[in-house]
Each structure stands twice: as structure tokens, then as C-alpha cells.
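Remarks on the overall topology
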Amino acid sequence: MEIWINPACSKCRGALTLLDAEGAGYTVRRYLEDVPSQDEIREVLGRLGLEPWDITRTQEAAAKELGLKDWPREESARDRWIAALAEHPKLIQRPIITADDGTAVVGRTEEAVREAMSRSRE
């Protein structure tokens with residue numbers, strides 16, 4: 001199991017605390033320092049079953065500068081969104097936990113973190 005975190009994020013710290021309390025095995029990826037490539041973002045989106053606009057933090061300054069709220073949310077614009085996430089990783093929703101079964105969750109709630117742990121134990 002891998003978790004993409006921003007150490008300054010309280011949801012990320014909460015997810016790590018829960019993983020540690022449950023004795024879960026995981027690796028940490030500080031995605032602002034170890035920026036995911038466009039291909040890695042595509043892979044995670046596939047594992048999440050989401051589109052890039054679904055995991056974009058649209059209230060971030062970079063999102064406003066790019067005018068993301070006006071970008072089309074359709075297949076033809078997908079690569080543009082993915083490129084923006086790779087170029088501005090702060091726009092990626094966090095934490096993202098990739099489970100051992102090939103799925104992933106956005107671990108913003110205790111329930112989502114527990115779901116990722118259950119998928120990694122099976």
C-alpha cells in the first residue's frame with residue numbers, strides 16, 4: 001500500500017495516524033517533492049475509477065490562475081487536466097492510498113482509509 005501525502009495536510013496526518021494505529025504496512029510518497037508523472041496520474045485515476053477533475057483541488061491558487069473552473073469536464077479535455085495535475089501537484093486531492101488489490105481511494109475519511117486497509121489485507 002502506498003499513500004500520497006502532503007505533510008502539512010491534516011487529513012494526510014490523520015490517515016497516517018490511523019494506518020500506524022492499525023499496524024498497516026505502507027510506503028509514503030510526498031507527492032509535492034516526488035511529483036507523479038502524467039502516466040502515474042492516469043494509472044491512479046484508473047485505480048480510483050475517477051476522472052482528473054474529480055481529484056482536483058479547485059480552490060487552490062494555481063487552479064484559479066489556470067481558470068480550471070471553466071475547463072470542460074469531458075474526455076477531450078482529460079489530457080489537459082492530467083498535464084495540469086502533473087505540473088501543479090498541489091492541485092491533487094490528498095491523501096490518495098493505493099491498495100494492494102489494484103484499487104485506490106482518496107483517504108479523506110476514516111472509512112476510506114479503513115477501506116484501503118481492508119483491500120490490502122485480502
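Residues numbered from 1 in each chain as written. Predicted model: local features only at pLDDT ≥ 70, side-chain atom pairs only at ≥ 80, totals over all residues. Heavy atoms only, no water.

So the rule is basically this: UniProt positions are given in the numbering used here, feature names are shortened, and annotations may be inferred rather than shown by experiment.
An unreviewed UniProt entry annotates the chain as Arsenate reductase of Streptomyces melanosporofaciens. The UniProt entry for the chain carries the following comment under Sequence similarities (unreviewed entry): "Belongs to the ArsC family."

**A word on the state of the cysteines**
Applied cut-off: Whenever a pair of cysteine sulfur atoms sits within 2.5 Å, that pair is classed as a disulfide. Accessible area is worked out with a 1.4 Å probe on protein chains only. A residue is then buried under 20% of its type maximum, exposed over 50%, and partly exposed in between.
This structure, assessed with the given rule, holds zero disulfides. Free of any disulfide, cysteine 9 has its nearest cysteine sulfur in cysteine 12, 3.4 Å distant. Residue class for cysteine 12 comes out buried when judged on its relative accessible area of 1%.

**Thoughts on helix 5 (residues 110-121)**
Threshold: Here a helix means four or more residues in a row that DSSP labels H or I, a strand means two or more in a row labelled E, and each is numbered from the N terminus. Here the expected span of a helix is defined as 1.5 Å times the quantity of residues minus one. To obtain the arc, one takes the directions from the helix axis to the C-beta atoms. Contact between two residues is taken to exist if any of their heavy atoms lie within 4.5 Å; hydrogens are not considered.
Here helix 5 contains 12 residues, and its C-alpha end-to-end distance of 17 Å stays within 8% of the 16 Å for a straight helix at 1.5 Å per residue. Along helix 5, the positions that sit buried rather than exposed are Ala112, Val113, Ala116, Met117 and Ser120. One face of helix 5 carries all of its buried residues, which in axial projection span an arc of 140°. Exposed side of helix 5, more than 90 degrees from the buried face: Glu111 and Arg121 are the residues found there. If you follow the buried residues of helix 5, they end up packed against helix 1 (10-21), strand 3 (96-98) and strand 4 (104-106).

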